[in-house]
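Spelled out, the chains give:
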Amino acid sequence: MKWLLLINWFSPPLFPQSTASLSGRLLDPSGAAIPQASLTLSNPLSRFSQTIRSSTSGSFLLTNIPFGNYTLTVDKSGFATLSRRLALPSNIPLSLDLTLPLASAGNTLTVVDFENDALVHPHDTGSRAGINRQDIDRLSLSPATRGLETALLTFPGFAQNANGAIHPRGAHNQMTFVVDGMPITDQLTGAFANAVDPAIVQTVELFTGNIPAEYGSKVAAVANVITRGGLGAGRILGGSFTLGADSRDTLSTQAQFSGEKGRLGYSASLSAMKTNRYLDPVSLGNLHNGGNLERAFSRFDYQPSDRDIFRLNLMAGNSSFQLANLPSQQANGMDQRQGLRDFSVMLGWVRTLTPRATWDFTASLRTAAAILIPSAGDIPVTAAQTRRLTTATLWNRLNTVRGRHAVKAGVDLQFFPVSERFSFAITNPSFNAPGSAGFIETLLAHDLSRGGAPFHFRDAAAGGLYSAFLQDNISLGRWNIALGLRYDLYRFLTSGNQFQPRAGISYYLRETGTVLRASYNRAYQTPPNENLLLASSEHSSVLVAPNVRASLGQAVVRIRPERQNFYEVGLQQALGSHLGADASFYHKDARDQQDNNNFFNTGIVFPMSLAAIRVNGAEARLMLLPVHGFSATLGVTHARATSTPPFTGGLFIGNPGVILLGSGPFVIDHDQKLGVQTILEYSARRGLFTTVSTRYDSGLVTNPSDPAVVASDPDYSPLLPYVNLTSNPPRTRPRAITNVGVGYKGERWEAGFQVSNITNKTALYNFQSLFVGTRLVAPRTAAMRLRWFF
């Protein structure tokens with residue numbers, strides 16, 4: 001049996017920026033082209049799979065591939081099936097010419113070029129995972145799904161909070177979403193900013209350990225999002241139209257298009273959603289909680305030559321919604337509303353410099369705006385806000401592969417003008433009454449019930465983050481070493497800089513299917529820019545609680561970047577031929593911990609920091625690869641997070657708990673003893689599928705509220721059965737939420753039905769928290785989705 005494999009580095013198709021591409025030709029033993037052969041590129045761990053057919057000339061092209069290790073399978077009637085494992089570690093294009101022997105010459109050909117087991121990733125030196133669009137679709141059958149948080153929560157390392165907020169590895173948020181090379185460091189939750197639409201996603205690559213040096217600013221976790229493209233579609237126009245509805249008065253619609261014409265590819269998505277349960281409610285009655293959301297996305301790829309390709313992305317979102325009321329606020333006619341808008345544009349260019357080197361350039365501009373509209377019935381305070389954040393970014397990347405080395409170097413520039421307007425006043429005479437606990441004398445001037453006038457704030461400023469990095473991934477047989485160094489220079493309300501070494505190592509025991517890893521990262525996490533001007537302003541000193549003022553020695557201390565050390569050790573293990581395991585332990589210690597303070601259960605949060613935080617955590621994940629149509633995952637998370645005051649920034653009006661928490665180290669609300677996520681899926685050959693997911697949370701830390709005071713408050717007393725205020729620290733009660741979905745996918749249409757929280761469990765995400773307020777888990781909800789393909 002003979003086979004022939006040629007690697008051609010000259011003039012291969014090129015694709016940006018954080019994706020790989022694979023092209024080539026299929027030939028028979030005489031050198032003639034093999035048309036209409038099936039080629040499938042797959043990774044069983046990330047469940048990525050892409051299938052195409054070779055052209056009449058035998059050529060093939062696979063694009064939009066996340067970096068990683070894959071199996072390429074080529075199948076054509078009359079020829080032996082070829083199975084080849086490939087490494088695609090960078091956007092340097094790979095071109096292969098493959099010769100397939102006739103079937104009579106033998107059976108399947110398997111060619112392995114590096115030591116790799118399908119159940120482990122030998123080259124990973126830190127915690128890393130991936131998810132594809134099919135899994136995202138099946139997890140997100142509900143039309144009320146706002147963003148990618150549903151998908152990310154299927155991985156260990158995340159604690160779930162309200163309105164789509166997630167805590168990665170003991171951090172408040174501090175995540176970066178990189179969408180086709182455009183970094184987004186905004187706080188993407190339903191109440192604060194419009195999240196990334198899961199419908200535009202092709203794959204997500206998630207980093208939570210040993211973050212590559214190319215990423216900075218917010219690196220508690222990095223989600224590298226690759227959107228759906230049009231190049232390689234093989235047709236001018238195709239797409240789908242989707243309708244969705246649920247039992248909580250939610251309606252949604254979406255249209256998607258993609259195609260290619262010559263060297264131009266495009267994709268687009270338009271979606272709209274209207275619901276009577278926009279945010280997670282603050283009371284059992286789901287009062288005053290309607291809203292709507294519209295999103296649009298488009299992507300254009302143009303390749304004028306074999307050495308150049310350009311990409312243009314446009315993304316926009318608009319939401320308008322009511323702020324959920326407490327019973328007393330509903331009775332008083334409170335009608336606060338909030339609006340969120342964002343627009344992003346990104347232009348990318350990748351240039352092939354040599355057969356082993358490329359240069360990436362990305363320029364992006366993103367603007368996000370929010371408005372809070374008060375009402376005449378606001379209690380206990382009324383507030384209004386308008387804020388805008390614009391982020392302009394230039395990324396430059398030089399990529400090269402030299403022998404055992406895969407080197408990447410870059411220089412990044414980011415500029416962010418910010419503007420804020422905020423006003424508030426007390427409207428209830430029983431709130432901040434003289435002589436009451438937590439009374440703040442300086443607020444009397446803004447108490448309308450006592451003849452005061454509203455507090456007004458208005459300011460604008462601009463800052464910058466200037467960065468450079470160098471990283472090298474080195475393959476040394478069984479050993480893999482990742483070395484990186486990053487430098488950040490921060491200039492805004494405060495100034496600072498830091499070198500950040502990042503290093504990881506892994507060792508692969510092929511005989512037992514074991515990968516051992518360890519890493520150290522130094523991180524420099526900049527403060528969130530939203531509402532940072534007010535939180536850092538001397539003008540807001542009248543709003544600062546006396547104990548906070550005393551602990552700081554002054555009214556206001558400006559928030560500085562968080563300086564963090566992160567250590568991780570981990571293990572991957574293949575268990576048989578279909579089961580893989582991944583476990584890790586990590587420790588994090590940081591100064592100037594970043595967090596947010598929630599303003600009266602609204603969508604307004606104010607940046608704050610504490611002196612330090614210490615986090616210890618352990619995680620494990622089991623993955624069962626498909627067996628007779630069944631597949632499953634199990635993720636387990638434990639995190640212990642202890643913060644040390646004093647508080648800096650924030651707006652702790654009406655939060656007496658800050659007095660108790662400010663007295664010494666305390667367990668913060670990112671802490672959770674146990675989180676478990678299970679997913680069981682069955683896919684039949686005829687297109688039927690079933691997904692059952694269960695998430696167990698032992699309970700986040702809540703505000704140290706007095707049970708007697710809560711029992712006397714008609715707004716909060718109905719929630720006492722769902723929180724344990726006598727434990728140390730107080731926590732929400734444990735909860736287990738199960739979702740069941742069934743569906744069918746054919747060539748022309750798809751239908752899905754899902755019941756979320758099938759046991760109708762009543763539970764709290766948090767309770768009277770300084771950081772997120774009070775929010776409840778959604779009750780049982782039935783949802784359906786219909787999709788037509790064209």
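This text goes with the structure placed above it.
Residues numbered from 1 in each chain as written. Predicted model: local features only at pLDDT ≥ 70, side-chain atom pairs only at ≥ 80, totals over all residues. Heavy atoms only, no water.

## Considerations on the overall build of the protein chain
In terms of regular secondary structure, the protein chain is built from seven helices and 43 strands. Here the protein chain has a C-alpha radius of gyration of 27 Å; the compact-globule value for 790 residues is 28 Å, and the two agree. Projected onto its principal axes, the C-alpha coordinates of the protein chain cover approximately 95 × 50 × 50 Å. Per-residue burial for the protein chain yields a buried fraction of 59% across its 790 residues. Of the contacts made within the protein chain by residues no fewer than 6 positions apart, 69% connect residues no fewer than 24 positions apart. Accessible surface, the protein chain as shown: approximately 29600 Å² in total, 59% of it carbon and sulfur. Side chains of the protein chain give 68 positive and 53 negative charges; the mean places of these two sets differ by 3 Å. (Helix = DSSP H or I, 4+ residues; strand = E, 2+ residues; numbered from the N terminus. Rg over C-alpha atoms; globule rule 2.2 N^0.38 Å. Buried < 20%, exposed > 50% of the residue type's maximum accessible area, 1.4 Å probe, protein only. Contact = heavy atoms within 4.5 Å. Areas by Shrake-Rupley, 256 points an atom, 1.4 Å probe, with all protein chains shown as cover. Lys, Arg positive; Asp, Glu negative; His and termini not counted. Charge placed at Lys NZ, Arg CZ, Asp CG, Glu CD.)

## Focus: the packing of aromatic side chains
For the coordinates displayed, the defined rule picks out 18 aromatic pairs. Seen from their ring centres, Phe257 and Phe790 are 6.0 Å apart, and the 55 degrees between their planes marks the pair as tilted. Placement of Phe257 in strand E18 (residues 250-261) and of Phe790 in the segment after strand E43 (781-789) is noted, with a sequence separation of 533 residues between them. You can call Phe257 partly exposed: its relative accessible area is 31%. Given the relative accessible area of 36%, Phe790 is considered partly exposed. (Phe/Tyr/Trp six-rings, centres within 6.5 Å; stacked < 30°, edge-to-face > 60°.)

## Here's the deal with the pairing of E43
Pairing geometry for strand E17 (residues 238-246) and E43, over seven bridges, is antiparallel. If you follow Ala245 over to E43, its bridge partner there is Met784. The sheet contact formed by strand E40 (residues 749-756) and E43 spans eight bridges and is antiparallel. Pairing of Gly752 across the sheet is with Arg785, part of E43. (Pairing = 2+ DSSP bridges.)

## Focus on the side chain of Asp671
Here Asp671 lies in the loop between strand E34 (666-667) and strand E35 (672-683). For Asp671, a relative accessible area of 0% puts it in the buried group. At 2.9 Å, the side chain of Asp671 forms a polar contact with the backbone nitrogen of Ala641. A distance of 2.5 Å separates a polar atom in the side chain of Asp671 from a polar atom in the side chain of Arg731. (Polar contact = N/O pair within 3.5 Å; in protein donor to acceptor, adjacent residues only side chain to side chain.)

## Examining the nonpolar core
Membership of the largest hydrophobic core comes to 34 residues, with the highest contact counts inside it found for Phe422, Phe424, Phe455, Tyr490, Phe492 and Phe599. Counting residues per element, the ones that place at least two in this core are strand E23 (357-373), strand E24 (381-402), strand E25 (405-426), strand E26 (455-476) and helix H4 (532-535). At five residues, E25 tops the list of elements feeding residues into this core. Counting residues in each nonpolar core, the second largest holds 30 residues, with Phe177, Ile200, Ala221 and Met346 among its members. (Core = buried A, V, L, I, M, F, W, Y, C linked by side-chain atoms within 4.5 Å.)

## Some remarks on unusual backbone geometry
Backbone geometry follows two general trends: most residues other than glycine have a negative phi, and most peptide bonds adopt the trans configuration. With omega at -5 degrees, the peptide bond leading from Ile379 into Pro380 counts as cis. With respect to the helices and strands, Pro380 occurs in the loop between E23 and E24. The omega torsion of the bond from Asn728 to Pro729 falls at 0 degrees, within 30 degrees of zero and hence cis. Although it is not a glycine, Asn210 adopts a positive phi angle of roughly 45 degrees. In this model, Asn760 sits at a positive phi of 55 degrees, which is unusual for a non-glycine residue. Mapped onto the secondary structure, Asn760 falls in the loop between E40 and strand E41 (764-769).

## Things to note about the sheet that holds strand E15 (residues 201-207)
If you trace the five strands from one edge of the open sheet to the other, you get E10-E15-E16-E13-E14, paired in mixed fashion. The sheet is open, and its two borders are formed by strand E10 (128-132) and strand E14 (182-184), each paired with just one other strand. Recorded for the sheet is a direction-independent mean angle of 20 degrees between the axes of neighbouring strands. In this sheet, strand E16 (residues 221-227) lies alongside E15 in antiparallel orientation, the contact comprising six bridges. Paired with Leu206 across the two strands is Ala223, which belongs to E16. (Axes fitted to C-alpha atoms, helices over the stretch in contact; angles between N-to-C directions.)

## Side note on the environment of Leu287
Within the secondary structure layout, Leu287 lies in the loop between strand E19 (264-275) and strand E20 (291-305). For Leu287, a relative accessible area of 22% gives the class partly exposed. Along the sequence, Leu287 and Gly24 sit 263 residues apart, while their C-alpha atoms lie 59 Å from each other. Non-local contacts of Leu287, meaning those with residues more than four positions away in its chain, are made with Ala324, Asn325, Leu326, Pro327 and Gln330.

## Some points on a nonpolar patch on the surface
The grouping of Leu264, Phe300, Tyr302, Phe310, Leu312 and Leu347 at the surface amounts to a nonpolar patch, some 490 Å² of accessible area in total. For the nonpolar patch, the secondary structure elements donating two or more residues are E20 and strand E21 (308-322). With respect to the helices and strands, Leu312 occurs in strand E21. (Patch = residues over 30% accessible without salt bridge, like charges linked within 9 Å, V, L, I, M, F, W, Y side chains within 5 Å. Salt bridge = Lys/Arg side-chain N within 4 Å of Asp/Glu carboxyl O.)

Structural measurements only, silent on function.
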